[in-house]
Each structure stands twice: as structure tokens, then as C-alpha cells.
Amino acid sequence: MIKIKNLVKVYKGETYETRALDGIDLTIEDGEFVAVMGPSGSGKSTLLNVIGCMDTLTEGEYYLDDYEIHKLKLKELHKVRREKISFVFQHFALMSNFSVYENVEVPLLAKNVNKSRRKKIVYEKLKMLGIDNLADKLPTQISGGQQQRAAIARALTSDNDIILADEPTGALDRKTGQDLMNMLTDINALGKTIIVVTHDDKVASATKRIINIVDGRITGDERNA
Ligand SMILES: Nc1ncnc2c1ncn2[C@@H]1O[C@H](COP(=O)(O)OP(=O)(O)OP(=O)(O)O)[C@@H](O)[C@H]1O
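Small disclaimer: the values here were computed from a predicted structure and weren't measured.

Colleague: I keep staring at the overall build of the chain and nothing clicks. Help me out?
Modeller: Counting its regular elements, the chain contains seven helices and 10 strands. For the chain, whose C-alpha radius of gyration is 17 Å, the value lies close to the compact-globule estimate of 17 Å for 225 residues. Oriented by its inertia axes, the alpha-carbon framework of the chain measures out at about 45 × 35 × 35 Å. Taken across its 225 residues, the chain has 48% of its residues classed as buried. Nonlocal contacts in the chain, meaning residues at least 24 apart in sequence, comprise 67% of its contacts between residues at least 6 apart.

Have a look at this one:
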């Protein structure tokens, strides 16, 4: 479970100070499927990064299962992230010199899984996403939608409980975007918690809960019918 109390995030530079999150209270139970919406610059990505243990809090408390995240140092934070969180990035962030197979294998290498088991798991995920025939291709040799699938396959090989996606359909055509949301729905049905940042009403309506953020504050929190 994700439980956040009075989260404040301030970015400080030499000449500026931005209060990106300004007192967020939020609980997300295991297995929820949540969209975070709001205008540009409202703090959506910042919230996702804090939830994903990519960034620290300035003030407030963040409990993730048994961890008191707000008390952890950066190195410990990274450990929790590896254990709990998977990201699907907007621009896929596949490593361009590595094949689809190798990209999807990465989380397993980080977890010291042995070679034959890695192969089994990677092919299982590639098949699930319908791209097992592309295992040996480089990211530049496949389409945007296929890259997106590879990124999801990689997120899934880690088998972490929480999947975070920032504008996952942003670079996709409508049909592929719809396919992706169907896939996330299936993955959510397996019990994974999914949090999606999006500008797109269609994407949000595929989730079960929509949180609105304006100026770093939650202004709406509705369950989808
Ligand atoms: N690394 C950073 N350093 C300084 N300011 C930042 C940083 N990241 C974000 N900000 C600022 O924090 C505020 C919130 O940014 P954030 O990226 O979270 O918004 P967003 O809602 O995701 O926007 P968008 O929809 O345009 O992606 C903005 O004013 C932004 O300029």
C-alpha cells in the first residue's frame, strides 16, 4: 500500500524555488488502477517520481508497505525501488545497442536470476505482449508501438508489484494506445498496482480512479464507474 501524508516537494536552484507538490495526502491500495491528471506543470511527474522512489520528499511522510520512505537515504531508496517499482517511460528508454531480448532481461540480471530461468521468463513476457518474434531485433528496427510493448515486457519481468507509467500512450497512434491500455487492464487484473500519468481522457477512463492535480495539490479524486 502507498500512503502519503502532507507531501511537499520543492525544487531549489540558485535563482529559483519551485513548490512542485504542495501538501499531497494520498492512499493507494494494492491492486488499484489509477490515473493522475492535471495541467502541464501541475506536478504529476514529480508525484510519480516520488512515488517511484526516484526522488526524495522535501516534507511529509511516505509509507510504502513496510518502508518509511521519507526516512531513507538515496541508496536505500534505490534498493526499495528495484524491489517494488517498475517504470514504463514515455520515450520507452530502451537501450539502443541491446536487442529486445537483452532489454527485457535487464531487471533479471539486476536480481541475479540464472540464465535458463532468465530465458524462460523473458520469452514468457515477450509472448504475452506478442513480440517474441522480435527478440533479436534492436529497438531502432521495430515500430514505436512494438518498442512500447518491449518497455512493458521489461517492466513486467521485474515482477514488481507497482507499475508506474508517465504518458504511456503519448507517442502511440490511437489503436496502439488502446491496445496498450487493454494490456495494462489485463496486468492490473493480475493484481499489480498501476499508476498512469496522462493528459488523455480516454486513457484515464480506462482506469478505475482518477486523481486531479492543480498547482501541486489534489483537486479531485473520483472512482470510475
Ligand atoms: N528537476 C526539476 N528542477 C526544477 N524544477 C522542476 C524539476 N522538475 C519539475 N520542475 C518544476 O516542477 C513543476 C511540476 O513539474 P512536473 O514535471 O511534475 O509537472 P507535470 O504536471 O508532470 O507537467 P507536464 O504535464 O508538462 O509533464 C513545474 O513547475 C516544473 O517546472
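Read on for the rest.
Colleague: Got a minute to help me understand the site of the ligand in this structure?
Modeller: Taken together, the neighbourhood of the ligand is formed by 13 residues, with Ser40, Gly41, Lys44, Ser45 and Thr46 sitting nearest. At a separation of 3.1 Å, an oxygen atom of the ligand approaches a polar backbone atom of Ser42. Measuring from an oxygen atom of the ligand, one finds a side-chain N or O atom of Lys44 at 2.7 Å. Contact with the protein chains removes 61% of the 640 Å² of surface that the ligand exposes when unbound. Counting residues per element, the ones that place at least two in the shell around the ligand are β2 (17-28) and α1 (44-51). The dominant element in the shell around the ligand, judged by the number of residues it contributes, is α1, at three residues.

Colleague: How do you make sense of the pairing of β2 when you look at a structure like this?
Modeller: The side chains of a regular strand alternate between the sheet's two faces. Relative to β2, strand β1 (residues 2-12) runs antiparallel, the two being bridged by nine bridges. For Leu7, the partnering residue across the bridge sits in β2 and is Ile24.

Colleague: Would you mind going over the packing of aromatic side chains with me for this structure?
Modeller: Centre-to-centre distance and the angle between the planes together describe a pair of aromatic rings. Across all of its chains, the model carries one aromatic pair by this definition. Summarising the aromatic geometry, the rings of Tyr101 and Tyr123 are spaced 5.6 Å apart at their centres and angled 45° between planes, so their arrangement reads as tilted. Of this pair, Tyr101 sits in helix α3 (residues 100-110) while Tyr123 sits in helix α4 (residues 115-128); the two residues are 22 residues apart in sequence, bridging distant segments of the chain. Accessibility expressed as a relative area gives 15% for Tyr101, which makes it buried.

Colleague: Teacher, can you tell me more about the sheet that holds strand β5 (residues 67-68) here?
Modeller: In a beta sheet, neighbouring strands are held together by backbone hydrogen bonds and run either parallel or antiparallel to one another. The antiparallel open sheet is built from four strands, whose spatial order is β2-β1-β4-β5. The sheet is open, and its two edges are formed by β2 and β5, each paired on a single side. As paired elements, strand β4 (residues 59-64) and β5 share two bridges and run antiparallel to each other. Within β5, the residue paired with Tyr63 across the bridge is Glu68. Contacts between α1 and the sheet are confined to β1, β2 and β4, with β1 contributing the most and set at about 120° to the helix.

Colleague: Can you walk me through the nonpolar core in this structure?
Modeller: In globular proteins that are soluble, nonpolar side chains generally tend to be buried together. Leu126 and Leu184 are the most contacted members of the largest nonpolar core, which totals 32 residues. Among the elements of the structure, α3, α4, α5 (144-157), β7 (162-166), α6 (174-189) and β8 (193-197) are those that each provide at least two residues to this core. With six residues, the single largest contributor to this core is α5. If we ignore the near neighbours within four places in the chain, the residues touching Leu126 are Val100, Val104, Ile131, Asp132, Ala135 and Ala153. Ranked by size, the runner-up nonpolar core spans 28 residues in total, among them Ile4, Leu7, Leu21 and Ile85.

Colleague: Looking at this structure, I do not really get unusual backbone geometry. What am I missing?
Modeller: Phi at Asp65 takes a positive value of approximately 50°, unusual for a residue other than glycine. Looking at the secondary structure, you find Asp65 in the loop between β4 and β5. Given the relative accessible area of 32%, Asp65 is considered partly exposed. One non-glycine residue, Asn112, lies in the positive phi region at around 60°. Relative to the elements of secondary structure, Asn112 occurs in the loop between α3 and α4.

Colleague: Can you help me understand the sheet that holds β7 in this one?
Modeller: Across the sheet, six strands lie side by side as β6-β7-β8-β3-β9-β10; this open sheet has mixed pairing. The outermost strands of the open sheet, each flanked by one partner alone, are β6 (85-88) and β10 (217-223). On average, each strand axis in the sheet is inclined to that of its neighbour by 20°, with strand direction left out of account. Sheet contacts for helix α2 (residues 74-84): β6 and β7; angle to β6, the most-contacted strand, approximately 75°.

So, how was this worked out
Residues numbered from 1 in each chain as written. Predicted model: local features only at pLDDT ≥ 70, side-chain atom pairs only at ≥ 80, totals over all residues. Heavy atoms only, no water. Helix = DSSP H or I, 4+ residues; strand = E, 2+ residues; numbered from the N terminus. Rg over C-alpha atoms; globule rule 2.2 N^0.38 Å. Buried < 20%, exposed > 50% of the residue type's maximum accessible area, 1.4 Å probe, protein only. Contact = heavy atoms within 4.5 Å. Near = heavy atom within 4 Å. Polar contact = N/O pair within 3.5 Å; in protein donor to acceptor, adjacent residues only side chain to side chain. Areas by Shrake-Rupley, 256 points an atom, 1.4 Å probe, with all protein chains shown as cover. Pairing = 2+ DSSP bridges. Phe/Tyr/Trp six-rings, centres within 6.5 Å; stacked < 30°, edge-to-face > 60°. Axes fitted to C-alpha atoms, helices over the stretch in contact; angles between N-to-C directions. Core = buried A, V, L, I, M, F, W, Y, C linked by side-chain atoms within 4.5 Å.

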